[in-house]
Amino acid sequence: MAGTTRKTLLLRARGGEPESWHELVRMYSPFIRTQLRRSRLPEHDLDDLTQDILLQLHRKICQFDHNGRPGAFRRWLRVVTLNRARAYLRSRPNVSRVSISEIEPLADDKSSASRSFERDYNEHVIRQLVSRLASEFTESTMDSFKGYVLEQRDPKEVSAELGVSLQSVYIAKSRVLKRLRQMAVEYEAIP
C-alpha cells in the first residue's frame, strides 16, 4: 500500500499554515509523549521534551522532503524524536543513564524498539482515524465495525447484540475499512 503522510498537509504546514500545523500537533503529540514515556522520565520532563520535539519538528518541517516511499514521514519523526531526546537527556545532569539507554535502540532501523515505534505509530494513527470516522458513519455502522473488526468478535454475535442483520455487519466492515484505508494511506499507517 503506497502512500504519503498527508503530503498536502505537510506542504501546507511547511508553507506556514497554522491550521495544518495544529493538525500535526493534535495527531502526533500524544504519540510522541507515549514513546518518550518508555525512557522512564519524570512527567515534567516528558512535557518539556514533547514540546521540544514539536518545536524542532516545526523548525525542520521545511527541510523534510517526502521521497514518496511509504514510511518516510514516520522514519523522519522517529529520527527527530531520537535526536531531540538524546540532546535533551544529555543536557540534564539529573537524568539517569537508564533513560538514555532506553532511547538508543531507536537509532537502529531493525531493532525491536524501532519495530515497536512503527507498530505503535500505526496503532496510534488508526485509533485517531477511527475516532474521526465516527462523524462520517452512523452509530450503528461504527458499532458494527468496532465489534467485528476492532474487537474481533463473531459477526453473528455483533449482529444479534446490535439488533441488525448479519449483512449489515459485513457492509459496515467493508464501508468503514475502505474509508479507513484511504485515510491511513495519507498518514502512512497500515490498517
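Since the model is a prediction, treat every value here as computed from it, not as a measurement. (Residues numbered from 1 in each chain as written. Predicted model: local features only at pLDDT ≥ 70, side-chain atom pairs only at ≥ 80, totals over all residues. Heavy atoms only, no water.)

> Talk me through the nonpolar core; I want residue IDs and the actual numbers.
Residues L24, Y28, I32, L57, F73, L77 and L180 are the most contacted members of the largest nonpolar core, which totals 45 residues. Top contributing element to this core by residue count: helix α4 (residues 72-90), with nine residues. (Core = buried A, V, L, I, M, F, W, Y, C linked by side-chain atoms within 4.5 Å. Buried < 20%, exposed > 50% of the residue type's maximum accessible area, 1.4 Å probe, protein only. Helix = DSSP H or I, 4+ residues; strand = E, 2+ residues; numbered from the N terminus.)

> A description of the environment of L9 should follow, citing residues and the corresponding values.
By secondary structure assignment, the location of L9 is in helix α1 (residues 7-14). In the structure, L9 is positioned 15 residues away from L24 in sequence and 8.2 Å away in space, judged by C-alpha atoms.

> Could you give an account of the packing of aromatic side chains, naming the residues involved and the relevant values?
Under the counting rule described, the total for this entry stands at six aromatic pairs. Both rings, one in F31 and one in Y121, keep their centres 5.6 Å apart while their planes meet at 90°; by these two values the pair is edge-to-face. Taken as a pair, F31 in helix α2 (residues 18-37) and Y121 in helix α6 (residues 112-133) lie far apart in primary sequence, 90 residues in all. Judged by its relative accessible area of 2%, F31 falls in the buried class. Assessed through its relative accessible area of 0%, Y121 is described here as buried. (Phe/Tyr/Trp six-rings, centres within 6.5 Å; stacked < 30°, edge-to-face > 60°.)

> Requested: an account of unusual backbone geometry, with residues and values cited.
Although it is not a glycine, Q152 adopts a positive phi angle of roughly 55°. On the secondary structure map, Q152 appears in the loop between α7 (139-150) and α8 (155-162).

> Now, about the layout of surface pockets: what can you tell me, with residues and values included?
For the largest pocket, the calculated volume is near 210 Å³. Around the largest pocket sit Q35, L36, R38, S39, T81, A85, E102, I103, L106, S112, A113 and S116, which together line it. Looking at the lining of the largest pocket, the elements with two or more residues in it are α2, α4, α5 (97-103) and α6. In terms of residue count, the dominant contributor to the lining of the largest pocket is α6 (three residues). Each residue belonging to the lining of the largest pocket can be placed in one class, and the counts come to five nonpolar, five polar and two charged. (1 Å grid on protein atoms, 1.4 Å probe; cavity = no way out; pocket = protein on both sides within 12 Å on 5 of 7 lines; lining within 4 Å. Points joined across faces, edges and corners; volume = space filled by probe spheres on them. Nonpolar A, V, L, I, M, F, W, Y, C, P; charged D, E, K, R; others polar.)

Geometry only, nothing functional implied.
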